[in-house]
Amino acid sequence: MEFNGDFFNLPESYLFAEVADAVSGYEVLHPDKRVLKLSIGDVTLPLPPTVVGAMRSAAAETGDKKTFRGYLPYEGCGFLRESIKNYYKSMGADVSADEIFISDGAKSDLWNLPDLFKRGLTALVPDPVYPVYAESNVLKGNRVVYAAATEQNGFLPMPDYGVKAGLIYICSPNNPTGAAYTPEQLQEWVEYAIKTGAVILYDAAYESFVRDGKSARTIYSCAGAESCAVEICSLSKTAGFTGLRCGYTVVPKALKLNGVSANKLWYRLKSTCFNGVSYVVQRAAEAAFSAGGLAEIKKNTGYYMQNAKILSGALSRCGVPYWGGKNSPYIWLKCPRGTDSRGFFKELLNGAGIAGTPGAGFGAGGEGYLRLSSFSDAETALEAAERLENFYKTHPISAF
Ligand code: MLT
């Protein structure tokens, strides 16, 4: 036997595992220092009361013979799919319940989606972006080409008809840069996919952080998207489900290749590799989409956005160039000239006790940048702002 040789085409560790190891190593050496963890986008607020209440009632149901349930539908329970359908409706998008598949979060579906397509495909991946897109394709033996997201294009690459790719990944608001497409810009991607016969995998995990009223929240606000785009979303950041685990993927029935519907094949795949999300969690997710749940969630995402304001305020005062933080819980800042992103990660950890995420971990295009997450509590964000201001006193702004 041999291992899959493509493992050796991956970085040695998953980005956030690498960062967690570096931070633990620092903590072992400096037990007296409090590290402010602004690296992985992990929520800190407790679950909203409406969600917790729904879980309590669902848990009670599992202990009663009359309401106990065993295996649930592979595609997810009808009640949750209906509530997500209505959520799309509130965004002006027409998605039917049988196009929605409940998952344990965006990551595993993002990993499995390339399995729908013929091996050896070419995937067009923004650079920088969430590392899972490229890594899943690398491990499946697919080819990856990159769409450069740079300061010059506002970190929002647009279609290039000279590039041939079967799968197109879009993440908006983008992780890590925070840049978000407008519906008009997304429409150009949809037209490109339709004209070239490509399929878009649209990651909307951060849609609930859109605040400017003009950035897109779903690709299904674009005409024709139902024939070429799959949308992946998660309750992790929106509703604080990073530990609870629930997400959803929309696979439209109109998305067909050679007359075969992607929806049908996705059901085939999911029913074979996944036994669904627990009943208690699906009830919790349903509650998150209720009127009360949505109001509580909005308050929580608002709290994180306030942290983003605190952090970006400190960076502005120090004259540090940064992006994001307006429609996204992430701030993407420039490292001082001559410092690579892993070097700067260490400098900030050692010099300020702040753990960010090195930009190069999101792709070669992230070299020279660092991501800060605003998912901490407010006290941590305030302390981080103060530490940043002190840190930059010894890192003059002329160095950018
Ligand atoms: C992030 O911080 O970008 C993600 O939440 C990490 C992950 O999903 O692994």
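Here goes a summary of the coordinates provided. (Residues numbered from 1 in each chain as written. Predicted model: local features only at pLDDT ≥ 70, side-chain atom pairs only at ≥ 80, totals over all residues. Heavy atoms only, no water.)

**Quick look at the pattern of salt bridges**
Opposite charge on two side chains permits pairing when their charged atoms draw close. Counted according to the given criterion, the structure contains 15 salt bridges. Notably, a salt bridge pairs K253 with D98, separated by 3.0 Å at the nearest N-O pair. In this pair, K253 sits in the loop between β8 (247–250) and β9 (256–257) while D98 sits in the loop between α3 (78–90) and β2 (100–103), placing the two residues 155 residues apart along the sequence. (Salt bridge = Lys/Arg side-chain N within 4 Å of Asp/Glu carboxyl O. Helix = DSSP H or I, 4+ residues; strand = E, 2+ residues; numbered from the N terminus.)

**Description of the site of the ligand**
Looking at the ligand, the residues that line it are Y14, F16, I40, G41, K107, Y130, N175, K237, Y330 and R371. At a separation of 2.7 Å, an oxygen atom of the ligand approaches a polar backbone atom of G41. At 2.3 Å from an oxygen atom of the ligand is found a side-chain nitrogen or oxygen belonging to K237. Taken by itself the ligand offers 270 Å² of open surface, and the protein chains cover 88% of this. Grouping the constituent residues of the shell around the ligand by class yields five nonpolar, two polar and three charged. Both domains that furnish three or more residues to the shell around the ligand are identified here as domain 1 (5–47 + 293–391) and domain 2 (49–290). (Near = heavy atom within 4 Å. Polar contact = N/O pair within 3.5 Å; in protein donor to acceptor, adjacent residues only side chain to side chain. Areas by Shrake-Rupley, 256 points an atom, 1.4 Å probe, with all protein chains shown as cover. Nonpolar A, V, L, I, M, F, W, Y, C, P; charged D, E, K, R; others polar. Domains from an automatic or database assignment.)

**As for the environment of Q187**
You can see Q187 is positioned in helix α6 (residues 183–196). Separated by 36 residues in the primary sequence, Q187 and A223 have C-alpha atoms spaced 7.1 Å apart. When sequence neighbours within four positions are dropped, the list of residues in contact with Q187 reads C222 and A223. Polar contacts involving the side chain of Q187 include one to the main-chain amide nitrogen of A223, which spans 2.9 Å. (Contact = heavy atoms within 4.5 Å.)

**Thoughts on the sheet that holds β2**
Ordered by their spatial adjacency, seven strands build an open sheet running β2-β8-β7-β6-β5-β3-β4, and the pairing between neighbours is mixed. This sheet does not close on itself; its edge strands, each paired only once, are β2 and β4 (143–148). Geometrically, the sheet is characterised by an average inter-axis angle of 20° between neighbouring strands, direction not taken into account. As judged from the four bridges shared by β2 and β8, these two strands associate in the antiparallel manner. The residue of β8 that forms the bridge with F101 is T249. Along the sheet face, α3 touches β2, β7 (229–234) and β8 and points at about 115° away from the line of β2. Each of β2 and β8 touches helix α8 (residues 262–273); the most contacted strand, β2, lies at about 25° to it. (Pairing = 2+ DSSP bridges. Axes fitted to C-alpha atoms, helices over the stretch in contact; angles between N-to-C directions.)

**Description of the environment of T249**
Of note, T249 is situated in strand β8. With 110 residues separating them along the chain, T249 and G359 place their C-alpha atoms 27 Å apart. Beyond its immediate sequence surroundings of up to four residues, T249 is in contact with E99, I100, F101, D109, L113, V230, E231, I232 and W266. A distance of 2.6 Å separates polar atoms of two side chains, one belonging to T249 and the other to D109.

Just distances and angles here, no functional claims.
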